[in-house]
Amino acid sequence: MKNQAKFWQRHDDWRKAEQAWDARAEKLAADTPLKTFKTNPRLPGIRSKTRKNLSWKTLSYLHHHDYSGKLGRYFWRRPLKHGWGLLVALLKRKSYRRDGDFFLYGLKNLTEFETQLHASDTVLVVGFSYCHKPFECPAGRFTDACIHDAGDPVCGQCFIGKCVHSLPDTQVVPLFITTVHYIGEKMIEAEQNWPDHNVVFMITACELTLEMFGKIGVAVDLQGIGVRLDGQICNTMKAFEASEIGIKPGMAIVEDETQARMMALFRQFSAETRECSQNAGSSRGDNIIVSDRGYQ
Ligand code: SF4
């Protein structure tokens, strides 16, 4: 990456950094607009035929595509706890609480998540579905890489780039998601890498994936927020399975209002991180730097 320093680090004030990013993105969009749809098709999140027996379709899909065996091994490490959790999740109609485009897993409300963001032992896994990477993404779309080059005109217009540049370097695991197994495996890795920390997540995904992922996530005790994508989403099993092997001709988006809500949460986490970093002896001040593939 040519411009190593994060955009936010060049500004003293978080809000000013965001204003500067947005102004630059607007200018770039006028000069070199990215390919996207003209009108949001406003598709239903999940087709009614797809919704039928979705839990069983999910279990079958996850089992038959667990090529590394990591998810299966994690589940069977605590068969009683995870088995019971799965049974409860399958019997419940919904495995999440909904707050606008936020799907809350293992959380009573958004305030509970905000409280976790303020805790010094929190590690935030932030995942972005590849479905909302720009077609012109210099790192490629169906890959878990992101160069978030602040000098690149595509990255400068990309919401994923904006998020990554705004996030602190400490106690954050940024992920660029290709498949449901990928995110599951990375969540397990994050929990293993921070055994004494509280790992929570915020990931963007189509409603179908959020519904499918939620059952399993709740069963194994994961807590966090799934952010619903809009636009040209996958709302059938056929489209979902094609997207899992990189066939995704459409463009998904995070709605503007939802982008603002995500940024507000990142800001809270960043402010807390800065405060903790200034406190000698704070566990968040220990400066644990995550360097995931594609995140430098
Ligand atoms: S910020 Fe990352 S995802 Fe966005 S265009 Fe750049 S490389 Fe692609």
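Scoring rules and cut-offs
- Every chain is numbered independently, its residues counted from 1 as its sequence is written.
- Only residues with pLDDT of at least 70 are given local features in this predicted model, and only at 80 or more are side-chain atom pairs given and counted; all residues enter the totals for whole chains, interfaces and linings.
- A run of H or I in DSSP counts as a helix once it spans at least four residues, and a run of E counts as a strand once it spans at least two, with each numbered from the N terminus.
- Take the number of residues in a helix, subtract one, and multiply by 1.5 Å to get its expected span.
- We call a residue exposed when 12 or fewer other C-beta atoms sit within 10 Å of its C-beta, buried when the count reaches 20 or more, and partly exposed for counts in between; the C-beta positions come from the backbone.
- The arc in question is the one spanned by the directions pointing from the helix axis to the C-beta atoms.
- Placing C-beta atoms from the backbone, we regard two residues as in contact once those atoms come within 7 Å.
- Only buried residues count toward a nonpolar core: Ala, Val, Leu, Ile, Met, Phe, Trp, Tyr and Cys, linked into one set through C-beta atoms within 7 Å.
- Paired strands, in this sense, are two strands between which DSSP finds at least two bridges.
- Axes here refer to lines fitted to C-alpha atoms; in helices the fit is confined to the stretch in contact. Angles between the N-to-C directions go from 0 to 180 degrees.
- Oblique is the label for any angle not covered by the other classes, which are roughly parallel (under 35 degrees), roughly antiparallel (over 145) and roughly perpendicular (65 to 115).
- The nonpolar class holds Ala, Val, Leu, Ile, Met, Phe, Trp, Tyr, Cys and Pro. Asp, Glu, Lys and Arg form the charged class, and all remaining residues, Gly among them, are polar.
- In this text, near has one meaning. A residue is near a molecule or strand if its C-beta atom, placed using the backbone, is within 6 Å of it.
- The quantity known as pLDDT measures the predictor's confidence residue by residue, on a range of 0 to 100.

The end-to-end C-alpha separation of helix H8 (residues 180–193) is 20 Å, in line with the 20 Å expected for 14 residues at 1.5 Å each. Buried within H8 are the following residues: Val180, Ile183, Gly184, Lys186, Met187 and Ala190. An end-on view of H8 places all buried positions within 165° of arc, on one side of the element. Residues of H8 that are buried sit in contact with helix H4 (70–77), strand S3 (122–129), strand S4 (172–177), strand S5 (198–205) and helix H9 (207–219).

Here we come to the nonpolar core. Of all hydrophobic cores here, the largest spans 68 residues; its most connected members are Leu124, Val125, Val126, Cys163, Met202 and Cys206. Looking at this core element by element, the count peaks at seven residues for H9. Apart from residues no more than four positions distant in its own chain, Cys206 is found in contact with Cys131, Leu229, Ile233, Cys234 and Ala252.

Looking at the secondary structure, you find Val218 in helix H9. Excluding its chain neighbours within four sequence positions, the residues that come into contact with Val218 are Gly85, Ala89, Ser95, Tyr105 and Gly106.

Counting buried positions over the six residues of strand S6 (residues 223–228) gives five, a clear majority of the element. The sheet contact formed by strand S2 (residues 102–105) and S6 spans four bridges and is antiparallel. For Phe103, the partnering residue across the bridge sits in S6 and is Gly226. Pairing geometry for S5 and S6, over six bridges, is parallel. Of the residues in S6, the one forming a bridge with Phe201 is Gly224.

Contact geometry for helix H3 (residues 54–64) and H9: axes closest at 10 Å, N-to-C directions at 75°. Relative to H9, H3 is oriented roughly perpendicular. Residues Leu54, Ser55, Thr58 and Leu62 of H3 form the contact with H9, whose own contacting residues are Glu211, Met212, Lys215 and Ile216. Grouping the amino acids of the contact of H3 with H9 by side-chain chemistry returns four nonpolar, two polar and two charged.

Below, the discussion takes up the pairing of S2. Strand direction decides the pairing type here: strand S1 (residues 97–99) and S2, joined by three bridges, are antiparallel. Directly across from Arg98, in S2, lies its bridge partner Phe103. In sequence, S1 turns back onto S2 through a hairpin of two residues, with Gly100 there showing a positive phi of about 60°.

With that settled, consider the site of the ligand. Taken together, 13 residues surround the ligand, and among them Cys137, Cys146, Cys155, Cys158 and Gly161 come closest. Its residues assigned to classes, the shell around the ligand shows 10 nonpolar, two polar and one charged.

As a further point, take unusual backbone geometry. Backbone geometry places Asn53, a non-glycine residue, at a positive phi of 55°. Assignment of secondary structure puts Asn53 in the loop between helix H2 (48–51) and H3. Asn53 sits in the exposed class, given 9 other C-beta atoms within 10 Å. Positive phi outside glycine occurs at Gln171, with the angle close to 55°. As for its position among the elements, Gln171 is in the loop between helix H7 (159–166) and S4.

Considering every residue of the protein, the mean pLDDT works out to 89; 90% of them sit at 70 or more. Contacts from residues 285–296, a stretch scored under 50 in pLDDT, to residues over four places away or in other chains number 25 contacts.

You can see Thr258 is positioned in helix H11 (residues 256–278). Separated by 156 residues in the primary sequence, Thr258 and Phe102 place their C-alpha atoms 8.1 Å from one another. When near neighbours in sequence (up to four residues on either side) are disregarded, Thr258 contacts Gly100, Asp101 and Val227.

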